[in-house]
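# Structural description and commentary
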Amino acid sequence: TVIWISIVVLIINFMFASLLTTLVGQKSYMWGDNAEQIEAWFGSMGKTMQTLLSIMTLSGWDHVAGVLAEVIPGTVVGFSIMLYILMCFFTVLSLVTGIVNNSFTLAQKNEDQKRMVAMEDHRAIFAK
């Protein structure tokens, strides 16, 4: 179950990472003095995915947004980060809710089977 959540979050991270590596990481020269920092955050797919994981856990997202906002308009950066965080949050929340629901359904089915076996045992006893 945790594996499915990880896979879906990994797919979301991969989609955003490919976009950010292409649009930001490969154009790090546009940030002038902060070009090395942009290269460290978005220079490759691995670095970008690590940065996105950090943003998803709300660790240092404000610093990343501040540096990105030097070239990209701040409202676009803020909206994009908010969209990414919300997408990851609701994805994980819906998957966890589905897993809990599935567990409750299986538990109810097992309980029903136990009741049926107990009823059959009682019927067999009274039928003698």
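The numbers attached to residues start from 1 for each chain and follow its sequence in the written order. Where totals are concerned, whole chains, interfaces and linings use all residues; where local detail is concerned, this predicted model gives features only for residues with pLDDT of at least 70, and gives and counts side-chain atom pairs only at 80 or more. Side-chain measures were taken over the full set of non-hydrogen atoms in the model, leaving aside hydrogen atoms and water.

With that out of the way, let us pick up the pattern of salt bridges. The salt bridge criterion pairs a side-chain nitrogen of Lys or Arg with a carboxyl oxygen of Asp or Glu, the two atoms within 4 Å. Under the counting rule described, the total for this entry stands at two salt bridges. Glu111 is the salt-bridge partner of Arg115, the closest N and O atoms lying 4.0 Å from each other. On the criterion of helical spacing, the pair formed by Arg115 and Glu111 is a turn pair, its members being four residues apart in helix α5 (residues 74-127). Each residue gets one of three labels from its accessible area relative to the maximum for its type: buried under 20%, exposed over 50%, partly exposed in between, using a 1.4 Å probe on protein chains only. Among the residues examined, Arg115 registers a relative accessible area of 52% and is labelled exposed. Overall, the relative accessible area of 36% leaves Glu111 in the partly exposed class. The residue Arg123 makes a salt bridge to Glu120 at a minimum N-O spacing of 3.5 Å. Of this pair, Arg123 and Glu120 both sit in helix α5, three residues apart, roughly one helical turn. Taking relative accessible area as the criterion, Arg123 reaches 52% and is therefore assigned exposed. Only runs of H or I of at least four residues qualify as helices and only runs of E of at least two qualify as strands under DSSP, and these elements are numbered from the N terminus.

Inspection of the secondary structure assignment puts Ser28 in the loop between α1 (2-23) and α2 (35-42). Throughout this description, a polar contact denotes any pair of N or O atoms lying within 3.5 Å of each other; where both atoms belong to protein, one of them has to be capable of donating a hydrogen while the other can accept it, and for residues adjacent in sequence the pair is counted only when both atoms sit in side chains. A distance of 3.4 Å separates the side chain of Ser28 from the side chain of Glu39, its partner in a polar contact. If we skip the residues at most four places from it in the chain, Ser28 touches Ala35, Ile38 and Glu39. Contacts were defined at the residue level, with two residues in contact if any of their heavy atoms lie within 4.5 Å.

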